[in-house]
Amino acid sequence: MQLSDLAGNEELKYELSEAMSARSLPHAVIIEGEKGVGKRTLASMLASYAVCTSEGVRPCGVCSGCVKAAKNIHPDIFTADGMNSGELNIESIRRIRSDAYIKPNEAPGKVYILLNCEKMLAAAQNAFLKVLEEPPENVMFIMTALSSANLLQTVRSRSRILTLYPPSVSEAAEVLKKLRPDVSQEIILQSAVDCGGNIGASLELIASGGEEEKKAAEEIFRAIPQTSEYDLMVASGKIAQNRAFAVAVLDRLCGLSSECVRASYGAADAGSTAKELAGKLSRKRLIKLQSTILHARDVLNINVNLNFYSTWLCAVLRSE
Ligand SMILES: [Zn+2]
C-alpha cells in the first residue's frame, strides 16, 4: 500500500509525502470524508508507514512490517470499529490507553486505527483525550469519521485533520479497472459517473448491479427454445436501454452459453440454471449458440445502434 494507491487528493498526498519523508507525521490524525471515499485505504497506508522498518522510503511494501500490515496480521497495528458494539466504548478506550504505553512487539512504533469515531460517546472521547494530551512515544492514532465535526473540539484540536474528496470520474475509473478487471469498461465508467468518482460506492454499485444483468441474460437464453419469437423479442429488447447494460448482459450470456455446453457434456460443477437450460436444446445447437453469442459480443464493440442490435440479436439467436 503506497500513498499513490489513493486516487485523486493530490494536495493532501503531497503534504503527507513531505511529512513522511521528514519522518514528521503527527501522532494523531482524523481522516474525514464521505462513505466510500478511501478513509480506510489511507488509514492502512499510514499504518504501514508507522510499522515499516525500511531505511529508505516508507512504506516500502516489502519489509516484514509492510507485508504483515498488508495481511492485517501485524501485532503492532490494532483496529477498533465504532460500528461494532463495544469496540469504542469507554472500557475499550481505557484498554487502548494503557496498551499504548506498552512497547511495540516488533515495529518501530504502534498504531491504533479507530474507525467510525463519530460513534464514540463523549465520555469515551474524554477518556481518549488523556492519551492524546500526553502521547506515548512512537504511537500513532488514526481515527476515521464522516466528518471531524462529529468529534469533540478537544479531540479535534489535538489531531491533524485529513479531509478526503472523491477523485475525478476518470481517475476513479482507472482504479476500478485494476480492482475489477473482470468487469467491462462500460460498466466501470458508468458506475464511476453514477457515483461521482466515489470508488467505494462504485464498487458497491458494480456488485449489486450484477444481479439484474444475470437475470436478463437468463431470460434471453430461456426464451431461445420457445416456439414463439415474442419472449425473445421482449427479453433482448431490454438490452436496448443502455450500452453498459447491453455489454454486461452479453458478457453474462457468453458465460452462460459456455456453461450450458459444459452441462450438456455432464459437467458436475455446472450451475443448476445451466443444467436446466442445456436440457432444452441439443448439444449441437448449444455449441452453435456459444459461437453466435461470442460473435454478438464482438459486434457490441462497434458503436452499433442498440435498437437495431437487439432486433438483430433476436434473429441470430433463433436461427438454427
Ligand atoms: Zn516496509
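1. Description of the overall build of the chain
Helix and strand counts for the chain come out as 14 helices and 5 strands. A compact globule built from 320 residues should have a C-alpha radius of gyration of about 20 Å, whereas the chain, at 26 Å, is more than 25% larger. Put simply, the chain has 320 residues, and 38% of those count as buried. Contacts in the chain between residues at least 24 apart in sequence constitute 72% of all its contacts with a sequence separation of at least 6.

2. A short note on the domain arrangement of the chain
Accessible area lost when the parts come together is the quantity often used to give the size of an interface. Under the domain assignment, the chain is made up of domain 1 (3–163) and domain 2 (169–318). A C-alpha centroid distance of 43 Å is found between domain 1 and domain 2. Class assignment for the residues of the side of domain 1 that touches domain 2 results in 2 nonpolar, 3 polar and 2 charged.

3. Side note on the sheet that holds strand β1 (residues 28–32)
Here 5 strands make up an open sheet; going across it, the order is β2-β3-β4-β1-β5 and the pairing parallel. The open sheet has two edge strands, β2 (77–81) and β5 (160–163), and neither has a second partner. On average, adjacent strands in this sheet sit at an angle of 20° to one another, irrespective of strand direction. As defined by bridge partners, β2 adjoins strand β3 (residues 110–115) across 5 bridges and the pair is classed as parallel.

4. Regarding the nonpolar core
In this structure, L46, A47, V111, I113, L114, I142 and V249 are the most contacted members of the largest nonpolar core, which totals 88 residues. It is helix α11 (residues 243–264) that provides the largest number of residues to this core, a total of 11 residues. Setting aside residues no more than four positions away along its own chain, V249 makes contact with E213, A216, A217 and I239.

5. Let's talk about the packing of helix α9 (residues 199–223) against helix α10 (residues 230–237)
Where α9 meets α10, the axes come as close as 8 Å, and the angle between the chain directions of the two elements is 160°. Taken together, α9 and α10 sit at an angle that is classed as roughly antiparallel. For the pair α9 and α10, the sense of crossing is left-handed. The segment α9 lies against α10, with E219, I220 and A223 engaging D231, L232, A235 and S236. Residues that form the contact of α9 with α10 fall into these classes: 4 nonpolar, 1 polar and 2 charged.

6. Side note on the pairing of β3
Counting buried residues in β3 gives 6 out of 6 residues, a clear majority hidden from the surface. With burial as the criterion, each face of β3 is covered, one bearing K110, Y112 and L114 and the other bearing V111, I113 and L115. The handedness of the β2 to β3 crossover, carried by helix α4 (residues 90–100), is right-handed. Sheet analysis places β3 next to strand β4 (residues 139–145), joined by 5 bridges and oriented parallel. The partner of Y112 across the bridge, within β4, is F141. Remark: the β3/helix α5 (residues 122–133)/β4 crossover connection has right-handed handedness.

Conventions adopted
Residues numbered from 1 in each chain as written. Predicted model: local features only at pLDDT ≥ 70, side-chain atom pairs only at ≥ 80, totals over all residues. Helix = DSSP H or I, 4+ residues; strand = E, 2+ residues; numbered from the N terminus. Rg over C-alpha atoms; globule rule 2.2 N^0.38 Å. Buried ≥ 20, exposed ≤ 12 C-beta atoms within 10 Å, placed from the backbone. Contact = placed C-beta atoms within 7 Å. Domains from an automatic or database assignment. Nonpolar A, V, L, I, M, F, W, Y, C, P; charged D, E, K, R; others polar. Pairing = 2+ DSSP bridges. Axes fitted to C-alpha atoms, helices over the stretch in contact; angles between N-to-C directions. Core = buried A, V, L, I, M, F, W, Y, C linked by C-beta atoms within 7 Å. Parallel < 35°, antiparallel > 145°, perpendicular 65-115°, else oblique. Left-handed = near helix turned anticlockwise from the far one by under 90°. Right-handed = clockwise from strand over helix to strand, strands pointing away.

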